[in-house]
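# Coordinates in review
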Amino acid sequence: QTRPRREQCIMKFGPVPVATAEGAILAHSVTSGEKTWRKATVLTAEDVASIRAAGINTVVVAQIEANDLDEDAAATLIASALNAPNIEARAASTGRVNLHAVDAGVFTVSRHSVDAINAIDPAITLATLPEFATITAGQMVATVKIIPFAVSEQLAKEAAQVAANNNIMA
């Protein structure tokens, strides 16, 4: 059985001249003297000027295209669609949104629905505690992770739709 072809992330990834890197996302940290630009930094005009002044001519970056969502926006979109009672989502960071229990209790999860989200694309991952895990208030019970720096908006919306249409966690 052949799966229908889905829209893939059209993010460009690779080395570029520093002079053209404004707005791109660093794929690797760059250090010059005492200054370090961390991996996943969105390069500003000031960053580009500083990196060039340091004598660095090329950086490896990800460049997000018009139909992509950056990793934090995509993870937030999917996590917010989960609509799980007594579960709160924390702010996205590095393409991850962690979900925590508001109260102590027993965690339930629909493996079928989790698998459906994870089958959408390898760039999108939902991981949870096992079914019927005993949880404490504040405990992390699940995480939504976008693996690359960006993902196609269509794929993120598809995952959010699956999340919204299923009672995945309780």
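The structure presented is a predicted model; accordingly, all values stated were derived computationally and were not measured.

## A few points about the sheet that holds strand β7 (residues 87-89)
- Across the sheet, four strands lie side by side as β7-β8-β12-β10; this open sheet has antiparallel pairing. Across the chains shown, the open sheet's two edge strands, defined by having one partner strand only, are β7 and β10 (124-128). The sheet shows a mean angle of 15 degrees between the axes of neighbouring strands, direction not considered.
- This element, helix α2 (residues 71-81), spans β8 (96-101), β10 and β12 (140-146) of the sheet and lies at about 135 degrees to β12.

## So, helix α1 (residues 45-53)
- The complete set of buried residues in α1 reads Asp-47, Val-48 and Ile-51. On an axial view of α1, the arc spanned by its buried residues comes to 100 degrees, and they lie on one face. Away from the buried face of α1 by more than 90 degrees, exposed residues Glu-46 and Ala-53 are located.
- A positive phi of about 85 degrees marks Gly-55, the residue just after α1.

## A look at the pattern of salt bridges
- Enumeration over the complete set of coordinates arrives at three salt bridges.
- Between Glu-65 and Lys-12 there is a salt bridge, and its shortest N-O distance comes to 3.9 Å. One end of the pair, Glu-65, is in the loop between β5 (58-63) and β6 (68-70); the other, Lys-12, is in strand β1 (residues 12-17), with 53 residues separating them in the sequence.
- With a closest N to O distance of 3.3 Å, Glu-153 and Lys-157 form a salt bridge. With Glu-153 and Lys-157 both in helix α4 (residues 153-164) and four residues apart, this pair spans about one turn of that helix.
- Its relative accessible area of 28% is what places Glu-153 among the partly exposed residues.

Thresholds, definitions, all that
- Residues numbered from 1 in each chain as written.
- Predicted model: local features only at pLDDT ≥ 70, side-chain atom pairs only at ≥ 80, totals over all residues.
- Heavy atoms only, no water.
- Pairing = 2+ DSSP bridges.
- Helix = DSSP H or I, 4+ residues; strand = E, 2+ residues; numbered from the N terminus.
- Axes fitted to C-alpha atoms, helices over the stretch in contact; angles between N-to-C directions.
- Contact = heavy atoms within 4.5 Å.
- Buried < 20%, exposed > 50% of the residue type's maximum accessible area, 1.4 Å probe, protein only.
- Arc of directions from axis to C-beta.
- Salt bridge = Lys/Arg side-chain N within 4 Å of Asp/Glu carboxyl O.

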